[in-house]
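Secondary and tertiary structure notes
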Amino acid sequence: MQDSTGQGALDRLCPAGVQNLLDIFAEAGVGAYPVGGCVRDALMGRTPHDWDIAVTCPPDRTVALCAAAGLRTVPTGIAHGTVTVLVPAPAGGRMPVECTTCRTETGYSDGRHPDSVAFSGRIQDDLSRRDFTVNAMAAERDAAGHFRVLDLFGGLDDLAGRVIRCVGNPERRLREDALRVLRGVRFSVRLGFEPEPDTRAALIRCAPELAHISGERVREELRGILTSPDPDRGVAMLYRLGLAPYVLPRPSVAAESLAQRGGFARLDGFPSRLAALLWGLSAPDLEADLRRLRLSGEETQRVRARLALAGELPEKPKPGPRQLAAVEALKSGPLTARQLDEVGISKATLDGLVKKGVLTAAEQEYIVGMLLFWMQREMTSPLPGSRR
């Protein structure tokens with residue numbers, strides 16, 4: 001955090017186009033508040049990628065005010081009060097800003113959508129419906145144009161303590177939309193935070209609800225976890241909290257082992273990391289998991305290609321001391337050609353595949369990661385002097 005009020009960070013990081021949009025609402029007597037992730041990220045000293053604004057007017061007035069100011073709008077979610085406004089971006093062109101009418105929500109009979117939505121003129125109502133305290137803060141500007149933070153649920157304290165905490169009753173909040181269970185993991189690994197004990201217990205109790213969430217929504221949260229700065233911790237949390245069987249119909253037992261060894265961070269991008277998550281499954285189980293995630297045709301092909309490459313590695317002997325030493329060396333960086341030979345594959349072979357266009361240079365590291373995966377599964381005793 002930059003300071004206790006957030007004024008310095010928000011004043012500095014809020015783009016001119018967003019500031020101008022706030023001026024348009026203010027001149028019309030409409031309350032407008034940057035809210036959610038943009039406030040959280042600014043308070044952490046990070047430049048927000050997206051700006052969301054909660055407004056106290058209905059969506060049709062948002063459209064009218066922006067049209068009068070010459071700003072284009074897109075009715076992305078009028079029924080729920082959301083209008084996307086295209087404002088000038090700092091680097092040129094236009095950037096989208098979602099403006100959503102403050103609202104209350106009641107009833108979540110399908111475990112995903114509110115049964116009813118009522119527009120409200122109170123930012124307090126809007127913040128009270130949000131998932132986690134660090135996402136339930138807003139910012140308002142004073143007469144001089146400076147921001148101050150509206151924090152009704154202890155989000156500032158939880159940012160300082162690096163804690164993920166539900167707004168209100170954790171189990172009730174998670175059951176409203178079970179995808180919040182995965183969001184809790186994603187925010188934990190992307191921010192480097194830990195769920196506090198009550199929230200952690202609720203994540204475990206609500207895990208079975210994930211089975212009812214659509215594959216597309218699960219896939220995008222899983223993408224966020226696997227492409228986070230700490231994918232191994234994210235995968236480990238999926239298994240430790242008991243979420244894995246509800247994220248994928250047939251979770252790979254070996255994936256947890258790879259996460260414990262730091263293997264996911266060594267793989268290149270979402271397709272390779274997802275392939276590692278699915279590695280070692282039987283063909284029917286693999287197909288069940290791929291159907292669940294509803295990947296695009298291109299991503300499905302990329303995942304299949306990586307799994308096929310791993311499956312075509314030469315037969316490898318039972319690991320001995322030299323092979324295990326090479327696996328230990330992998331934890332501190334890429335293996336040398338000699339060390340690659342020790343674990344059963346020649347660097348010359350890999351280089352040849354790169355030259356033929358079968359592999360990219362980055363995917364060499366994926367192959368080595370699969371070797372690490374195999375070694376960990378086959379290891380019968382710890383390497384002398386190594387950590388378990």
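Quick caveat: nothing in here was measured; it's all calculated off a predicted structure.

Some thoughts on the overall build of the protein
Broken down by element type, the protein carries 20 helices and eleven strands. The long-range fraction of contacts in the protein, counting pairs at least 24 apart against all pairs at least 6 apart in sequence, stands at 66%. With the model as given, the accessible surface of the protein reaches about 17400 Å², and the carbon-plus-sulfur share is 50%.

A short note on the sheet that holds strand S5 (residues 94-101)
Hydrogen bonds along the backbone pair up the strands of a sheet, which may run parallel or antiparallel. With respect to topology, five strands assemble into an open sheet ordered S1-S2-S5-S4-S3, the strand pairing being mixed. Each edge of the open sheet carries a strand with a single partner, namely strand S1 (32-34) and strand S3 (72-77). Between one strand and the next, the sheet's axes are offset by a mean angle of 30°, whatever the strand orientation. Where strand S2 (residues 51-55) and S5 come together, five bridges link them in parallel fashion. Residue pairing in the sheet places tryptophan 51 in a bridge with valine 97 of S5.

Here's the deal with the pairing of strand S9 (residues 147-151)
In this structure, strand S8 (residues 137-141) lies alongside S9, joined through five bridges in antiparallel fashion. The partner of arginine 141 across the bridge, within S9, is phenylalanine 147. What sits between S8 and S9 in their antiparallel hairpin is a turn of five residues, with glycine 145 showing a positive phi close to 85°.

Concerning the packing of helix H10 (residues 215-226) against helix H11 (residues 231-240)
Relative orientation of the contacting elements H10 and H11 amounts to 130°, with a least axis distance of 7 Å. Viewed along their axes, H10 and H11 adopt a mutual orientation that is oblique. Between H10 and H11, the residues in contact are Leu222, Ile225 and Leu226 and Pro231, Gly234, Val235 and Leu238, respectively. Tallied by class, residues from the contact of H10 with H11 come to six nonpolar, one polar and no charged.

Brief notes about the nonpolar core
Leu21, Leu243, Leu274 and Leu277 are the most contacted members of the largest nonpolar core, which has 86 residues in total. Top element by residues in this core is helix H8 (residues 179-191). It accounts for seven residues. With eight residues, the next largest nonpolar core counts Val35, Ile123, Leu127 and Ala138 among its residues.

Some remarks on the pairing of S5
Examined bridge by bridge, strand S4 (residues 82-88) and S5 share seven bridges and lie antiparallel to one another. For leucine 86, the partnering residue across the bridge sits in S5 and is proline 96. Hairpin connection of S4 to S5: five residues between the antiparallel strands, including glycine 92 at a positive phi of 100°.

Structural notes on the side chain of threonine 84
If you trace the backbone, threonine 84 turns up in strand S4. Take threonine 84: its relative accessible area is 7%, and that puts it in the buried class. Apart from residues no more than four positions distant in its own chain, threonine 84 is found in contact with Arg72, Thr73, Val74, Thr76, Pro96, Val97 and Glu98.

Some details on H10
In a regular helix each residue adds 1.5 Å, so twelve residues correspond to 16 Å; H10 covers 16 Å between its end C-alpha atoms and thus fits that length. Taking burial as the measure, the twelve residues of H10 include nine buried ones, the bulk of the element. Taken residue by residue, H10 has Gly215, Arg217, Val218, Arg219, Glu221, Leu222, Gly224, Ile225 and Leu226 as its buried positions. Contact partners of the buried residues in H10: H8, H11, helix H12 (244-247), helix H14 (269-278) and helix H15 (283-293).

Quick word on the packing of aromatic side chains
Across all of its chains, the model carries one aromatic pair by this definition. Ring centres 6.1 Å apart and planes at 80° place the aromatic pair phenylalanine 132 and phenylalanine 187 in the edge-to-face group. With phenylalanine 132 in the loop between helix H5 (123-128) and S8 and phenylalanine 187 in helix H8, this pair connects stretches of sequence that are 55 residues apart. Relative accessible area serves as the criterion here: at 0%, phenylalanine 132 is assigned to the buried category. Classification of phenylalanine 187 by relative accessible area gives buried; the value is 7%. Its end group placed over the ring of phenylalanine 187, arginine 186 keeps NZ or CZ at 4.7 Å from the ring centre. Above the face of the phenylalanine 270 ring, arginine 223 is positioned so that its terminal group lies 4.4 Å from the ring centre.

Side note on the side chain of arginine 173
Among the secondary structure elements, arginine 173 is positioned in helix H7 (residues 170-176). At 3.0 Å, the side chain of arginine 173 and the side chain of glutamate 176 are in polar contact. Residues in contact with arginine 173, not counting those within four places in the same chain, are Ser128, Arg129, Arg130, Asp131, Cys166, Val167 and Arg180.

Regarding H8
Look at H8: 18 Å from first C-alpha to last across 13 residues, which is about the 18 Å you get at 1.5 Å a residue. Most of H8 sits out of view: eleven of its 13 residues are buried. Regarding H8, the residues found buried are Leu179, Arg180, Val181, Leu182, Gly184, Val185, Arg186, Phe187, Ser188, Val189 and Leu191.

Focus: unusual backbone geometry
In terms of backbone geometry, most residues other than glycine have negative phi values and most peptide bonds are trans. Of note in this structure, arginine 162 is not a glycine but carries a positive phi near 55°. By secondary structure assignment, the location of arginine 162 is in the loop between helix H6 (155-161) and strand S10 (163-164).

Re the confidence of the model for the protein
Caution applies to low-pLDDT parts of the model: their predicted coordinates are not meant to be read in detail. Considering every residue of the protein, the mean pLDDT works out to 82; 75% of them sit at 70 or more. Least confident of the elements in the protein is helix H20 (residues 361-378), whose mean pLDDT is 54; most confident is S10, at 98. Under a pLDDT of 50 for its full length, residues 312-318 has, in the predicted model, twelve contacts with residues more than four places off or in other chains.

Rules behind the numbers
Residues numbered from 1 in each chain as written. Predicted model: local features only at pLDDT ≥ 70, side-chain atom pairs only at ≥ 80, totals over all residues. Heavy atoms only, no water. Helix = DSSP H or I, 4+ residues; strand = E, 2+ residues; numbered from the N terminus. Contact = heavy atoms within 4.5 Å. Areas by Shrake-Rupley, 256 points an atom, 1.4 Å probe, with all protein chains shown as cover. Pairing = 2+ DSSP bridges. Axes fitted to C-alpha atoms, helices over the stretch in contact; angles between N-to-C directions. Parallel < 35°, antiparallel > 145°, perpendicular 65-115°, else oblique. Nonpolar A, V, L, I, M, F, W, Y, C, P; charged D, E, K, R; others polar. Core = buried A, V, L, I, M, F, W, Y, C linked by side-chain atoms within 4.5 Å. Buried < 20%, exposed > 50% of the residue type's maximum accessible area, 1.4 Å probe, protein only. Expected span 1.5 Å × (residues − 1). Phe/Tyr/Trp six-rings, centres within 6.5 Å; stacked < 30°, edge-to-face > 60°. Lys NZ or Arg CZ within 6 Å of the ring centre and 35° of its normal. Polar contact = N/O pair within 3.5 Å; in protein donor to acceptor, adjacent residues only side chain to side chain. pLDDT = per-residue confidence, 0-100.

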